[in-house]
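So you can see what is in the structure, the chains are spelled out below.
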Amino acid sequence: MMMAVRGSVFRWVSEDIISTHYLTNRFTLQTQQRCGFRKVVKKVEPKKGVAEEAEQNEILHKKGVAPAPDPPTPHVPTRSFGRLVKPFVFTIGFTGCSFGGAAIWQYESLKSRVQGYFDDVKTDWLGKIRPQKQGDLRKQMNQWWSSLSDGQKTVTGIIAANALVFCCWRVPSLQRSMVKYFTSNPTSKALCWPMLLSTFSHYSLFHMAANMYVLWSFSSSIINMMGKEQFMALYLSAGVISTFASYVSKTAMGRFGPSLGASGAIMAVLAAVCTKMPEAKLAIIFLPMYTFTAGNALKAIVALDTTGLILGWRFFDHAAHLGGALVGIWYIMYGHELIWKKREPLVKMWHDLRTRGPPGPGTGGNGSI
């Protein structure tokens, strides 16, 4: 079974390695350029001896001048796992809210389809008696949007959100806020919301294009299997969980630094597709004659990220990639049964809340006849 779009897994991994290294260099360059001036290179003076320094301080003390203070030592982040308690609680709470909200969203979508059917019939009837405008841009956009599948519509929204954040990175006045809220770092003051917002954040156009290409290639298959509501819950939850895995890895190894990108969430989508359809055939985009199974591709990606995490490679965030892949594998094997198929009590409670009306005569006090 060939994929609808024959995406290259190994090409994506190599591109992500290059793009992340390129992202780091460009980000540092842009940060330095925003200062507006260059620091003057200080001349290195020979160190004074202890006796000479004490004699100079004594002379300054007699003159009533305070000696120069010692230069401050640079702040080195400490490995404190206590800072991860709040992100851990946020990860659990956000995951639960994501799947709970997706269940309610699906209920509302099914309920609105019946009303939407009658609205479509009315629109078609009015369209026949109303004169049509030639070259109406709004009509053309509606026709284009209607021609897309549910999976393509969902991914188009995700791509639009990433493009908007990418444009915000280009606004100089927003740089401070973007670094604070759209990059994830366990030593930052803002810990929780960047776990989600950094999933939609790309500083490099090449990095964003590579991630969105892979998402577009594999999203149609997984959305057809799950539905757009369950897919969005998995995508957002995987983004937060993969960021938390990055927090844990950076804190344990003492290698702190900002991270951003949708790679963790996309790895969950890729792993879910490969786990659900392990015999599906994939091919390298520039070498279509060489094919391999999705199961083997997933094993190679997990092995690569595990090796990079153990050996301490810093090409890209291996912990976030590995965390996202494990989320996708676990959800297909166990999570769907444990979480999504047990949503009925929540949906029933929401249904009772939605259909409850004001008490009246003959309603029994609960709005039902």
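It should be emphasised that the depicted structure is a prediction, and the values quoted were computed from it without experimental measurement.

Colleague: Before we go on, may I ask you to explain the overall build of the protein in this structure?
Modeller: From N to C terminus, the protein includes 13 helices and two strands. A total accessible area of about 22900 Å² is found for the protein, and carbon and sulfur atoms account for 63% of it.

Colleague: Explain the packing of helix α10 (residues 263-276) against helix α11 (residues 294-311) to me, please; I cannot follow it from the model alone.
Modeller: A pair of packed helices can be characterised by two numbers: the angle between their axes and the separation between those axes. Orientation of α10 relative to α11, taken along the N-to-C sense of each, is 140 degrees, at an axis distance of 8 Å. Relative to α11, the element α10 is oriented oblique. In this structure, α10 meets α11 at a crossing whose hand is left-handed. Mapping the contact onto sequence places M267, L270, A271, C274 and T275 in α10 and A294, G295, L298, I301 and D305 in α11. A per-class count over the contact of α10 with α11 returns seven nonpolar, two polar and one charged.

Colleague: In this structure, what is going on with the packing of aromatic side chains? I would like to understand it.
Modeller: How two aromatic rings sit relative to each other is given by the distance of their centres and the angle of their planes. Counted according to the given criterion, the structure contains seven aromatic pairs. With a centroid separation of 5.7 Å and 45 degrees between ring planes, the pair formed by F88 and F244 is classed as tilted. Here F244 lies in helix α9 (residues 228-253) and F88 lies in helix α3 (residues 85-129), a separation of 156 residues in the sequence. Three or more aromatic residues joined by ring pairs make a cluster, and in this case those are F90, F94 and W193.

Colleague: I'm lost on the nonpolar core in this one. Help?
Modeller: Generally speaking, nonpolar side chains in soluble globular proteins are found buried as a group. With 64 residues, the main nonpolar core has L215, I222, F231 and Y235 as its most contacted residues. Of all the secondary-structure elements, those providing two or more residues to this core are α3, α5 (150-168), α7 (193-197), α8 (205-226), α9, α10, α11 and α12 (318-338). It is α10 that contributes the most residues to this core, ten residues altogether. Excluding anything up to four places from it in sequence, F231 contacts T154, I158, L215, S219, I222, I223, M226 and V269.

Colleague: Is there a simple way to explain the side chain of S263 in this structure?
Modeller: Structurally, S263 can be placed in helix α10. The class of S263 is buried, set by a relative accessible area of 6%. There is a polar contact of 3.4 Å between the side chain of S263 and the side chain of N211.

Colleague: For this particular structure, what's the right way to read the pattern of salt bridges?
Modeller: It is possible for side chains of opposite charge to pair when their charged atoms get near one another. Within this structure, the stated rule accounts for three salt bridges. A salt bridge links E108 to R354, with the nearest nitrogen and oxygen atoms 2.8 Å apart. One end of the pair, E108, is in helix α3; the other, R354, is in helix α13 (residues 344-355), with 246 residues separating them in the sequence. Judged by relative accessible area, which is 23%, E108 ranks as partly exposed. Residue E337 is joined to K341 by a salt bridge in which the shortest nitrogen-to-oxygen separation is 3.1 Å.

Colleague: For this particular structure, what's the right way to read the confidence of the model for the protein?
Modeller: Low pLDDT means the predicted coordinates in that region are not meant to be read closely. When pLDDT is averaged across the protein, the result is 76; 68% of the residues are at 70 or more. Long-range and interchain partners of residues 1-41, a stretch whose pLDDT sits below 50, account for 69 contacts in this model, where long-range means more than four residues apart. Note that residues 362-369 has pLDDT below 50 and, in this model, seven contacts with residues that lie over four places away or in other chains.

Colleague: Just checking my understanding: could you explain a nonpolar patch on the surface for this structure?
Modeller: On the surface, L304, I310, L311, W313 and F315 cluster together to form a nonpolar patch covering roughly 510 Å² of accessible area. Mapped onto the elements, L311 comes out in helix α11. L311 gets classed as exposed once you look at its relative accessible area, which sits at 54%.

Colleague: Would you explain α10 in this entry?
Modeller: In an α-helix there are 3.6 residues to a turn, and that puts residues three or four apart on one side. Look at α10: 20 Å from first C-alpha to last across 14 residues, which is about the 20 Å you get at 1.5 Å a residue. For α10, a buried count of twelve out of 14 residues is recorded, marking the element as mostly surrounded by other parts of the structure. Every buried residue belonging to α10 is among S263, G264, A265, I266, M267, A268, V269, L270, A271, A272, V273 and C274, and all of these are buried.

Colleague: Help me understand the environment of I339 in this model?
Modeller: Turning to its location among the elements, I339 is positioned in the loop between α12 and α13. The spacing of I339 and G100 is 239 residues in sequence and 9.4 Å in space, taken between C-alpha atoms. Those residues in contact with I339, other than ones at most four positions away along the chain, are F99, W330 and Y331.

Colleague: How should I be thinking about the environment of L304 in this particular structure?
Modeller: Tracing the backbone shows L304 in helix α11. For L304 and H318, which are 14 residues apart along the polypeptide, the C-alpha to C-alpha distance reads 8.5 Å.

Colleague: Teacher, can you tell me more about the environment of N185 here?
Modeller: Within the secondary structure layout, N185 lies in the loop between α6 (175-181) and α7. N185 sits 62 residues away from Y247 along the chain, and the two C-alpha atoms are 7.0 Å apart. Once residues lying within four places of it in the same chain are set aside, the contact partners of N185 are L191, Y247, F256, G257 and P258. At 3.1 Å, the side chain of N185 and the side chain of T187 are in polar contact.

Thresholds applied
Residues numbered from 1 in each chain as written. Predicted model: local features only at pLDDT ≥ 70, side-chain atom pairs only at ≥ 80, totals over all residues. Heavy atoms only, no water. Helix = DSSP H or I, 4+ residues; strand = E, 2+ residues; numbered from the N terminus. Areas by Shrake-Rupley, 256 points an atom, 1.4 Å probe, with all protein chains shown as cover. Axes fitted to C-alpha atoms, helices over the stretch in contact; angles between N-to-C directions. Parallel < 35°, antiparallel > 145°, perpendicular 65-115°, else oblique. Left-handed = near helix turned anticlockwise from the far one by under 90°. Contact = heavy atoms within 4.5 Å. Nonpolar A, V, L, I, M, F, W, Y, C, P; charged D, E, K, R; others polar. Phe/Tyr/Trp six-rings, centres within 6.5 Å; stacked < 30°, edge-to-face > 60°. Core = buried A, V, L, I, M, F, W, Y, C linked by side-chain atoms within 4.5 Å. Buried < 20%, exposed > 50% of the residue type's maximum accessible area, 1.4 Å probe, protein only. Polar contact = N/O pair within 3.5 Å; in protein donor to acceptor, adjacent residues only side chain to side chain. Salt bridge = Lys/Arg side-chain N within 4 Å of Asp/Glu carboxyl O. pLDDT = per-residue confidence, 0-100. Patch = residues over 30% accessible without salt bridge, like charges linked within 9 Å, V, L, I, M, F, W, Y side chains within 5 Å. Expected span 1.5 Å × (residues − 1).

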